[in-house]
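# Close look at the chain arrangement
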Amino acid sequence: MLRFDIPPVHANVIRWEAFIVCCLCLLALFVHPLFMIILPLQGFVKGFFGHHKCPSHSLWKTIFTKRGWAGKTENVGAKMFAAKLLFIASTVSLILYFSGIALWKVPCTILVIFSFLEWAFSFCAACSAYNAWYKFFPPKNL
């Protein structure tokens, strides 16, 4: 569902944030899992309150806008859905890690793959799923 009540996001800022998520998840996989500790918080804020409420997004948006790198704007609805999935996957990964279960690497690896696709190719798998959902189950006007 398109969100017009929340400001749109800039494509290149979102891609940069995906690069950061990819790097943090790679560091978690190869150095220490606690590198992921910030991702649930970011995913929660961006997913449930909007990107405009996230301090790191505001910082990157300001930097990219001043330099002319921000890119075109996109509707934030699907990006908020992707942030909710980031929140869920990173939370599950950290819970598994703190429980001593080696399967924490599975959601972390999935985040590496999908964040790499967003960063490198501007392909958002969560956005595609989001759009498909509303294509097959359109909201009903009451």
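Report on the accompanying structure. (Residues numbered from 1 in each chain as written. Predicted model: local features only at pLDDT ≥ 70, side-chain atom pairs only at ≥ 80, totals over all residues. Heavy atoms only, no water.)

## A closer look at the state of the cysteines
By definition, a disulfide links the sulfur atoms of two cysteines through a covalent bond. Just so we agree on the cut-off: The rule for a disulfide is simple: a pair of cysteine sulfur atoms within 2.5 Å. Three labels apply to residues, based on accessible area from a 1.4 Å probe with only protein chains included: buried if under 20% of the type maximum, exposed if over 50%, partly exposed otherwise in between.
Per the stated rule, a full pass over the model turns up 1 disulfide. The disulfide partner of C124 is C127, and the S-S distance across this bridge is 2.5 Å. Looking along the S-S bond of the C124-C127 disulfide, the torsion reads about 70°, which is the right-handed sense. Here the two residues C124 and C127 agree in accessibility, since each one is buried.

## Focus on the packing of aromatic side chains
In plain terms, the rule: Note on aromatic contacts: the rings of Phe and Tyr and the six-membered ring of Trp form a pair at centre separations within 6.5 Å, being stacked when their planes are under 30 degrees apart, edge-to-face when over 60 apart, and tilted otherwise.
Within this structure, the stated rule accounts for 14 aromatic pairs. With 5.8 Å between their ring centres and 90° between their planes, F64 and W69 make a pair best called edge-to-face. Among the residues examined, F64 registers a relative accessible area of 9% and is labelled buried. Exposure remark for W69: the relative accessible area of 46% places this residue in the partly exposed category. Each residue in the set W16, F19, W60, F64, W69, F116, W119 and F121 is aromatic and connected to the rest through ring pairs, giving one cluster.

## Structural notes on helix 2 (residues 39–48)
The α-helix advances 3.6 residues per turn, and as a result positions three or four apart in sequence lie on the same side. To be explicit about the condition: Numbering of helices and strands runs from the N terminus, with a helix taken as a DSSP run of H or I at least four residues long and a strand as a DSSP run of E at least two residues long.
With 7 of 10 residues buried, helix 2 is to be regarded as a mostly interior element. Residues L39, P40, Q42, G43, V45, K46 and G47 constitute the buried set of helix 2.

## A closer look at unusual backbone geometry
Backbone geometry places S122, a non-glycine residue, at a positive phi of 55°. Tracing the backbone shows S122 in the loop between helix 5 (105–121) and helix 6 (125–136).

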